[in-house]
Amino acid sequence: MSHALSLRCRALRRTGPALRLAKWVARAIAGERTRVQAMYKVRYERDGGIHQVFLDHHGWYCAEHGPACSAVREVTARREGVSPS
């Protein structure tokens, strides 16, 4: 493996997967009486699916995969201003 390729692979591992993150207005989507405090759409570049990440009285979770989903870690880390690990 060339030195340049080796550096690029390490950089990709360090920065994590490329993704698009969009914040939604919870009340506009779920209605005025919703208990959802925050709502995000997460899409990984390599994955065609969308993760819907919510914060409500149960805590943070992905609608499809639950609280252990990597998209939940991405959202909470970015809200706290840290890099997800």
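Structure report, in brief. (Residues numbered from 1 in each chain as written. Predicted model: local features only at pLDDT ≥ 70, side-chain atom pairs only at ≥ 80, totals over all residues. Heavy atoms only, no water.)

1. Remarks on the pattern of salt bridges
By the definition in use, this model includes 1 salt bridge. A salt bridge links R78 to E74, with the nearest nitrogen and oxygen atoms 3.4 Å apart. Of the two residues, R78 and E74 are both situated in helix α3 (residues 70–80); the distance of 4 residues between them amounts to about one turn of the helix. (Salt bridge = Lys/Arg side-chain N within 4 Å of Asp/Glu carboxyl O. Helix = DSSP H or I, 4+ residues; strand = E, 2+ residues; numbered from the N terminus.)

2. Observations regarding the sheet that holds strand β2 (residues 38–44)
Ordered by their spatial adjacency, 4 strands build an open sheet running β1-β2-β3-β4, and the pairing between neighbours is antiparallel. Every interior strand has two partners, whereas the edge strands, β1 (19–24) and β4 (59–62), have only one. Direction aside, the axes of adjacent strands within the sheet are offset by 20° on average. When strand β3 (residues 51–56) meets β4, the two strands line up antiparallel, connected through 4 bridges. Across the sheet, V53 pairs through a bridge with C62, a residue of β4. α3 rests against β1, β2, β3 and β4 of the sheet, and its axis sits at about 120° to β2. (Pairing = 2+ DSSP bridges. Axes fitted to C-alpha atoms, helices over the stretch in contact; angles between N-to-C directions. Contact = heavy atoms within 4.5 Å.)

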